[in-house]
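# Descriptive structure summary
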Amino acid sequence: GLVLAILGAPAVHLIEADVRKAAFLAEALRVTGTSAKLWPKRSDRIAPFPAAFITARAVAPLPDLLDLAEPFLDTHSICLFLKGKSVEDELTLAAKAWKMRIARLSSCSDPSGTLLRLEILNSVQRAILNGNGQHGKDAAAKTSAADAPRHAIARFWARLGLPAKLLLLTTVFVLIAETLIFLPS
């Protein structure tokens, strides 16, 4: 997240519950003169806001990570999670509760690592409860808003191009371990 903010990504939010890591992020933001919102608390203690991209590394197993991310998911959110050797087992478990499009990319920094690019279609359990195949309490409203031209963060990603994205994401995951990063819609 810090690297994304330094590179000019708009409206980067960093969520870090560990006080020491949050202090490091705050100091890094200060020293670099970078603008980003730092939340020094757990994600479940933050009022949800829609995020276009959610990234995480070493936060939790995938099913739990998706549960943490769910309040911040928009209808077109993309999750980018760096996972280790147990990625296939985690995907199998997550598939019981989530419908998602999955792309697997090899990690540039760890031969046993995988960068997951997930487009969440819905939470199976929430879809059953809602009966409409959508997730989130404002899914219908979000769908129409998401059909408008993409916002600043999407234009930022488009300018990077695919190879730059992969290098940048690998750098972010390596530098900011155990931090959830939300880029609002």
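Bear in mind the structure is a predicted one, so any value in this text is a computation, not a measurement. (Residues numbered from 1 in each chain as written. Predicted model: local features only at pLDDT ≥ 70, side-chain atom pairs only at ≥ 80, totals over all residues. Heavy atoms only, no water.)

## Details of the nonpolar core
- Counting residues in hydrophobic clusters, the biggest one holds 23 residues, and the most contacted among them are I54, L62, L66, F81, L118 and I120.
- At the level of elements, β3 (51–57), α3 (62–69), β4 (73–83), α4 (87–94), β5 (98–106) and β6 (114–123) are the ones that each hand at least two residues to this core.
- Among the elements that line this core, the one with the most residues is α3, at 4 residues.
- Filtering out sequence-adjacent residues up to four positions away, L118 remains in contact with L62, L66, S77, I78, C79, F81, M100, R101 and I102.
- Formed by 10 residues, the second largest nonpolar core is a distinct cluster that contains L2, A9, L14 and L29. (Core = buried A, V, L, I, M, F, W, Y, C linked by side-chain atoms within 4.5 Å. Buried < 20%, exposed > 50% of the residue type's maximum accessible area, 1.4 Å probe, protein only. Helix = DSSP H or I, 4+ residues; strand = E, 2+ residues; numbered from the N terminus. Contact = heavy atoms within 4.5 Å.)

## What to know about unusual backbone geometry
- Positioned with a positive phi, A11 is a non-glycine residue whose angle comes to about 50°.
- Position of A11 among the secondary structure elements: in the loop between α1 (2–6) and β1 (13–15).

## Remarks on the side chain of H13
- Position of H13 relative to the elements: it lies in strand β1.
- For H13, a relative accessible area of 14% gives the class buried.
- Engagement of the side chain of H13 in a polar contact is seen with the side chain of W39, the distance being 2.8 Å. (Polar contact = N/O pair within 3.5 Å; in protein donor to acceptor, adjacent residues only side chain to side chain.)

## Things to note about the pattern of salt bridges
- Counted according to the given criterion, the structure contains 7 salt bridges.
- Salt-bridge contacts for D44 lead to R42; the nearest nitrogen and oxygen are separated by 2.8 Å.
- Between R104 and E88 there is a salt bridge, with its nearest N and O atoms 2.8 Å apart. Of this pair, R104 sits in strand β5 while E88 sits in helix α4, and the two are 16 residues apart along the sequence.
- Looking at E88, the relative accessible area reads 38%, which means it is partly exposed. (Salt bridge = Lys/Arg side-chain N within 4 Å of Asp/Glu carboxyl O.)

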